[in-house]
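Chains, contacts and geometry: an overview
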Amino acid sequence: MIVHDLSVKTKNHSYDIQIGSGLHKQLVQSLRELGITQQQKLMLISDSHVGPLYAGRIQDQLCTAGYEVGTCFVPAGEASKSILQYERVVGACLKFGLDRKSVILALGGGVVGDLAGFVAASFMRGIPFIQLPTTLLAHDSAVGGKVGINHAMGKNLIGAFHQPLRVIFDVDTLSTLPLRQLRSGFAELIKEALIWDVSFVGWLENHQNALLGRDPSLLCEAIYRGCRIKATIVEQDEKENGIRAILNYGHTIGHAIEACAGYKHYTHGECVAIGMVSAVYLGQWVLKTPPAVIDKTIRLIESFGLPTQFSLPCSDDELINLIKHDKKSTSGRLSFILPKQLGHVEMVEHVQEALIVQALQVIRGG
Ligand SMILES: NC(=O)c1ccc[n+]([C@@H]2O[C@H](COP(=O)([O-])OP(=O)(O)OC[C@H]3O[C@@H](n4cnc5c(N)ncnc54)[C@H](O)[C@@H]3O)[C@@H](O)[C@H]2O)c1
Ligand SMILES: O=C(O)C(=O)C[C@@H](O)[C@H](O)[C@H](O)COP(=O)(O)O
Ligand SMILES: [Zn+2]
């Protein structure tokens, strides 16, 4: 049952985001709607946690309908957004005989979506793919077409813009998502609220208990509101030439912490949460953001059980070096998305290193 149906329309692409219960059972119908025939081979890419839970039923259903479906599972975790796993997955696609008409199905969280999406973007110079997100956080990663993998020198440094044919979010999968990963997904929802929609900030504050208790209709609504904000921004600026950069709120320092931790210890969402805390302090120093915005941001993040500080043996220099590889930084200038008020952020193109070091002090835990 589709509870919410949204569309994303960029200059060259238009696709639906379906959010609801039991959607994996209707995949054959979805493929038909998209004009995908049994002559087109399908490759279901997933990870070692999600694959065993959900891929079998999907594969059986598609095979019964006459589709040829290969599968490829990568080890669960951020480490799989790597050149090594990319090569492995491409190898599996070649061995299965995928060609330019074939379609990739990305079943999993943001790691699978980003990796499988990048395989789709580059395999034989690009084939179509469908996003089947299974984490709360993937309401963000599945929409908008940013796909890619990490490099030792930083997050998502190798990638492409490649929009999916459709995003099909079967919320039933969230019942098996570990609580830490559920909390992690709220970091991106909090981000979307803080950059765009002050009423969504209030809504998240009011429903925090029920959301963490996985109330199905509230989770659907949260996913819908998050996707709607993301879609609205992507429609205006598909390839991040301007406004789309605000979706990077909390990510400049967040990505540096993730990379410094070797993509272990902290989830992406946790790093975004910590990154938003550093950004709100920078906002106070650079944009004179009112102190009430700091309090509200920190309280909201904490109320979803997310961290506001990190503890790692990473020096300021290491973190600053990573920040210098952030894709928003150009000509050595360190750019940040900073809050001006609740629901509104601005791009600041030249933040002084000394202030960044000061912000790192605030978010260093004992
Ligand atoms: N492309 C984008 O626009 C975009 C946006 C946001 C985040 N991202 C990327 O997304 C990644 C993080 O995604 P994530 O938080 O979904 O992490 P993830 O994909 O690693 O999933 C988190 C964990 O939950 C497990 N899991 C997933 N779904 C499950 C389910 N239904 N039941 C049980 N276990 C399940 C996974 O196996 C993994 O262990 C990062 O690499 C980040 O950079 C990309
Ligand atoms: O879609 C976007 O644009 C975002 O910035 C969304 C982020 O949540 C996401 O983590 C994205 O992958 C970060 O992009 P990057 O360009 O900084 O790698
Ligand atoms: Zn993110």
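Residues numbered from 1 in each chain as written. Chains lettered and ligands numbered in written order. Predicted model: local features only at pLDDT ≥ 70, side-chain atom pairs only at ≥ 80, totals over all residues. Heavy atoms only, no water.

The name an unreviewed UniProt entry assigns to the protein is 3-dehydroquinate synthase, from the organism Polycladospora coralii. According to the UniProt record, the Sequence similarities (unreviewed entry) comment for the protein reads "Belongs to the sugar phosphate cyclases superfamily. Dehydroquinate synthase family." (UniProt positions renumbered as here; feature names shortened; annotations may be inferred.)

Now for the overall build of the protein. The helix and strand inventory of the protein stands at 13 helices and eleven strands. Relative to a compact globule of 366 residues, whose C-alpha radius of gyration would be 21 Å, the protein shows 20 Å and is just as compact. On the principal axes, the C-alpha backbone points of the protein span a range of 60 × 40 × 40 Å. Within the protein, buried positions represent 58% of all 366 residues. (Helix = DSSP H or I, 4+ residues; strand = E, 2+ residues; numbered from the N terminus. Rg over C-alpha atoms; globule rule 2.2 N^0.38 Å. Buried < 20%, exposed > 50% of the residue type's maximum accessible area, 1.4 Å probe, protein only.)

To continue, consider the coordination of the zinc ion (ligand 3). Looking at the zinc ion (ligand 3), the protein donor atoms are Glu188 (OE), His251 (NE2) and His268 (NE2), and they sit 2.0 to 2.2 Å from it. Within one chain, the residues donating to the zinc ion (ligand 3) are spaced in sequence as E-x62-H-x16-H. Taken together, the residues span a long stretch of sequence, with His251 in helix 9 (residues 251-260) and His268 in helix 10 (residues 268-287) at a distance of 17 residues. Each member of the pair, His251 as well as His268, is classed as buried. (Donors = N, O, S within 2.8 Å, 3.2 Å for Na, K, Ca; no water.)

Looking now at the packing of aromatic side chains. For the structure on display, the rule yields four aromatic pairs. Consider the rings of Tyr86 and Phe118, whose centres lie 5.1 Å apart with planes at 35 degrees: the pair is tilted. One end of the pair, Tyr86, is in helix 3 (residues 83-96); the other, Phe118, is in helix 4 (residues 110-122), with 32 residues separating them in the sequence. Residue classification places Phe118 among the buried residues on the basis of a relative accessible area of 10%. Here the aromatic rings of Phe200 and Trp203 are separated by 5.8 Å at their centres, their planes lie at 35 degrees, and the arrangement is tilted. Within this pair, Phe200 and its partner Trp203 are both found in helix 7 (residues 198-212), separated by three residues, close to a single helical turn. A residue is classified by how much of its surface remains accessible, and Phe200, at 0% relative accessible area, is buried. Taking relative accessible area as the criterion, Trp203 reaches 11% and is therefore assigned buried. (Phe/Tyr/Trp six-rings, centres within 6.5 Å; stacked < 30°, edge-to-face > 60°.)

Glancing now at the site of ligand 2. Around ligand 2 lies a shell of 14 residues, among which Asp140, Lys146, Lys230, Arg244 and Lys327 are the nearest. Between ligand 2 and Lys146, the relevant distance is 2.8 Å, taken from an oxygen atom to a side-chain nitrogen or oxygen of the residue. A distance of 3.0 Å separates an oxygen atom of ligand 2 from a polar side-chain atom of Lys191. Starting from 430 Å² of accessible surface for ligand 2 in isolation, the protein chains cover 92%. For the shell around ligand 2, the secondary-structure elements that each account for two or more residues are helix 6 (179-196) and helix 9. Considered class by class, the residues forming the shell around ligand 2 number one nonpolar, five polar and eight charged. (Near = heavy atom within 4 Å. Polar contact = N/O pair within 3.5 Å; in protein donor to acceptor, adjacent residues only side chain to side chain. Areas by Shrake-Rupley, 256 points an atom, 1.4 Å probe, with all protein chains shown as cover. Nonpolar A, V, L, I, M, F, W, Y, C, P; charged D, E, K, R; others polar.)

When the UniProt feature table is mapped to this numbering, "domain: 3-dehydroquinate synthase C-terminal" (unreviewed entry) covers residues 185-329. Across residues 185-329, the secondary structure splits into 69% helix and 0% strand, with the terminal C-alpha atoms separated by 26 Å.

Around ligand 1, the structure places 28 residues, and the nearest of them are Asp47, Glu78, Thr135, Lys155 and Thr176. The separation between a nitrogen atom of ligand 1 and a polar main-chain atom of Lys146 is 2.7 Å. Burial of ligand 1 by the surrounding chains reaches 93%, relative to a free accessible area of 850 Å².

Position of Val50 among the secondary structure elements: in helix 2 (residues 50-64). Aside from chain neighbours lying at most four places away, what touches Val50 is Ala55, Leu107, Gly108 and Thr134. (Contact = heavy atoms within 4.5 Å.)

Across the interface, helix 3 lies against helix 4 with an axial gap of 10 Å and an inter-helix angle of 60 degrees. Classified by the interaxial angle, the pair formed by helix 3 and helix 4 is oblique. Helix-helix and strand crossings are classified by hand; for helix 3 and helix 4 the assignment is right-handed. Contact with helix 3, carried on its side by Gln85, Tyr86, Val89, Val90 and Cys93, involves Leu115, Phe118, Val119 and Ser122 of helix 4 and no other residues of that element. A breakdown of the residues in the contact of helix 3 with helix 4 according to their chemical character gives seven nonpolar, two polar and no charged. (Axes fitted to C-alpha atoms, helices over the stretch in contact; angles between N-to-C directions. Parallel < 35°, antiparallel > 145°, perpendicular 65-115°, else oblique. Left-handed = near helix turned anticlockwise from the far one by under 90°.)

What follows deals with the packing of helix 6 against helix 10. With their axes 7 Å apart at the nearest point, helix 6 and helix 10 run at an angle of 40 degrees to one another. Here helix 10 runs oblique to helix 6, going by the angle between their axes. Two packed elements cross with a definite hand, and for helix 6 against helix 10 that hand is left-handed. Contacts from Arg180, Ser184, Ala187, Glu188, Ile190, Lys191 and Leu194 of helix 6 reach helix 10 at His268, Gly269, Glu270, Val272, Ala273 and Met276.

Moving on to helix 6. Compared with the 26 Å implied by 1.5 Å per residue over 18 residues, the 26 Å span of helix 6 between its first and last C-alpha is a close match. Judged by how many residues are buried, helix 6 sits mostly within the fold: 13 of 18 residues are covered. (Expected span 1.5 Å × (residues − 1).)

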